[in-house]
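# Structure assessment
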Amino acid sequence: MADDRRPLVPNDDLSYSEQVYSPAGADHNSSLPDVSEDGRDNETQVNFEIAPGQVHIPSTSSSGFSFRKLWAFTGPGWLMSIAYLDPGNIESDLTAGAIAKYKLLWVLMWSTVMGLILQLLAARLGCVTGLHLAQVCRQKYPRGPRLALWIMMEIAIIGSDIQEVVGSAIAMNLLSAGKIPIWAGVILTGADTFTFLFLENYGLRKLEGLFCTLITIMAFSFGYMYCTIQPNQGQILQGMWFPWCQNCNKEAIQQAVGIVGAIIMPHNIYLHSALVLSRDIDRKDKDKIKEANMYNAVESAIALFVSFLINLFVTATFAHAFSDTSKYQNPSLSAAGKWIFEKYGLAMKIIWGIGILAAGQSSTMTGTYAGQFVMEGFLDIHWAKWKRVLLTRSIAMGPTIVVALFAHRDLDMLNNWLNVLMSIQLPFALIPILHFTSSESIMGEFKNSRFTKILVWCLATVIIGVNFYLGFTYLEGALPIWGYVLVGIAVLIYVIFVFYLAVGLNNWNKLIERIRTRRSGEREEIVDSVIN
């Protein structure tokens, strides 16, 4: 059984462990990629990877806030925010608007705030330790739980990737007027993901620029629709700031719960903790770590604010234009294009399709990176870049193609079940990040304060409870008796594992030790009584 009190140690086999902050101030050697004197990364001199220390942080004469430094830190937060804008989220937005109009905007807003808090914990873990979450899990958890966590994250990534790839395929089908079928769009999306990922050979900053461009396309596409359709601004403000859903039916309540599940992605926490490592931080200088944490917080907050606005655009647009249930029933990503075309014409349909395509392409690429970091961190494997991309793409594309071929006529139900699937994976990212960022042996003086601990554990409890409710609502009446028996067994195993993670390794070891001590004492008493 691993001990949480055991400090993190450098491991030459881990690609991100060359510079590790130690509470005792230990000096660790660095083998980071070279950077030029003008602060640009010498990416043409090395085999390009998203590796630690590639982007140099410039020095400034003043100790105050620097926009130049903020620009250097800009990138990881925007890549992270793409998970809040994937096709699954867009479908959740439009469904919420069509079913409940503006009444669920407060759920969208506060879900984004909760997501920001968790993303900041992930970024702080990376900045302080020099390791991303999967690598810390590998060092801290025993082999069995570690492999179980890896499997759960791979399942979450596959589920998310199915939504993203199918979303891109729907966009291609829409933009081609049905000439590209869904199954063909799936294959094209998998292929062009390889093409886009080759752009990273031109430099990390250019790759980050590509993702920001895709976010800009989404903002302009959905923002144009928002401005053209002109939703009721007063009802938008009321929906954002009055946390209530008056006269909402069960379907609307389920959608509210679904928003939380769609917004907070488990693998995105792993991804963000790895992306921040690309910035060159002197972890022997505590002031530099504080500075990095501050700029990462500012950048992430800005990125998620933009993602919230884009999600709001979609929700409000469909709340205003397509909330008449007598005309528009069963809202979904596949039906939305037809509705827009019938009501607003071809141009608006093309704009909508471009936005969905940008959402699908960008989130598919970030999902690929999440898969790479998770696999490398948990399994400690380091293959050539093309092998890793091929493996992670194949793991996701195999199930995706099968799903597209056999379930393309019922993609809406599929999306609901995928949201449930990812929801039940959420504790396997939430609990480790909360434990690790609260550990003094891992974070030193940067560990969570008592207030932060209480806040984030309350958030985790709410999020996990909400997602459990989502799962049970979709399972209700959907299975035969033997199916519920199997689900019951799976839920029991699931609850035991979540309890193991929630107790924490240190507390779990103490509990085991107490049980052993008590058993040993009872045996001694029995022996004494027999002798006497």
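The preceding data block contains the structure.
Here goes a summary of the coordinates provided. These figures come from a predicted structure and were not determined experimentally. (Residues numbered from 1 in each chain as written. Predicted model: local features only at pLDDT ≥ 70, side-chain atom pairs only at ≥ 80, totals over all residues. Heavy atoms only, no water.)

## Focus on a nonpolar patch on the surface
Nonpolar side chains collect at one region of the surface, where Leu175, Ile217, Phe341, Leu346, Ile350 and Ile354 lie side by side and expose about 470 Å² of accessible area between them. Considering every element that reaches the nonpolar patch, the biggest residue donor is helix H14 (residues 346–379), with 3 residues. Positionally, Ile217 belongs in helix H8 (residues 204–229). Taking relative accessible area as the criterion, Ile217 reaches 31% and is therefore assigned partly exposed. (Patch = residues over 30% accessible without salt bridge, like charges linked within 9 Å, V, L, I, M, F, W, Y side chains within 5 Å. Areas by Shrake-Rupley, 256 points an atom, 1.4 Å probe, with all protein chains shown as cover. Salt bridge = Lys/Arg side-chain N within 4 Å of Asp/Glu carboxyl O. Helix = DSSP H or I, 4+ residues; strand = E, 2+ residues; numbered from the N terminus. Buried < 20%, exposed > 50% of the residue type's maximum accessible area, 1.4 Å probe, protein only.)

## Points about the nonpolar core
Judged by nonpolar contacts, the single largest core of 123 residues is most densely connected at Phe222, Tyr270, Phe318 and Trp352. Apart from the residues within four sequence positions on either side, Trp352 is in contact with Ile90, Leu94, Leu174, Phe222, Met225, Val314, Phe318, Leu333, Ala336, Gly337 and Ile340. One finds Leu70, Ala123, Ile281 and Tyr295 within the second-largest nonpolar core, a separate group that totals 10 residues. (Core = buried A, V, L, I, M, F, W, Y, C linked by side-chain atoms within 4.5 Å. Contact = heavy atoms within 4.5 Å.)

## A look at helix H13 (residues 333–344)
A turn of α-helix holds 3.6 residues, and therefore any two residues three or four places apart point the same way. In a regular helix each residue adds 1.5 Å, so 12 residues correspond to 16 Å; H13 covers 17 Å between its end C-alpha atoms and thus fits that length. Among the residues of H13, Leu333, Ala335, Ala336, Gly337, Trp339 and Ile340 are the ones counted as buried. The elements touched by buried residues of H13 are helix H3 (87–100), helix H6 (143–175), H8, helix H12 (286–321) and H14. (Expected span 1.5 Å × (residues − 1).)

## Here we look at H8
The end-to-end C-alpha separation of H8 is 38 Å, in line with the 38 Å expected for 26 residues at 1.5 Å each. The positive-phi residue at the C-terminal boundary of H8 is Gln230, with phi of around 55 degrees.

## Examining unusual backbone geometry
In this structure, Ala177 is a non-glycine residue whose phi angle is positive, near 55 degrees. The exposure class of Ala177 is exposed, given its relative accessible area of 61%. The phi dihedral of Gln230 is positive, around 55 degrees, even though this residue is not glycine. Along the chain, Gln230 turns up in the loop between H8 and helix H9 (233–241).

## Some details on the packing of H6 against helix H11 (residues 266–275)
Two elements in contact, H6 and H11, have axes whose closest approach is 8 Å; the angle formed by their N-to-C orientations is 105 degrees. Taken as axis vectors, H6 and H11 run roughly perpendicular relative to one another. Within the contact between the two elements, H6 uses Met153, Ala156, Ile157 and Ser160 and H11 uses Pro266, His267 and Tyr270. When its residues are assigned to classes, the contact of H6 with H11 shows 5 nonpolar, 2 polar and no charged. (Axes fitted to C-alpha atoms, helices over the stretch in contact; angles between N-to-C directions. Parallel < 35°, antiparallel > 145°, perpendicular 65-115°, else oblique. Nonpolar A, V, L, I, M, F, W, Y, C, P; charged D, E, K, R; others polar.)

## Things to note about the environment of Met225
Residue placement: Met225 occurs in helix H8. In contact with Met225, not counting residues within four places along its chain, are Thr317, Ile340, Met348, Ile351 and Trp352.

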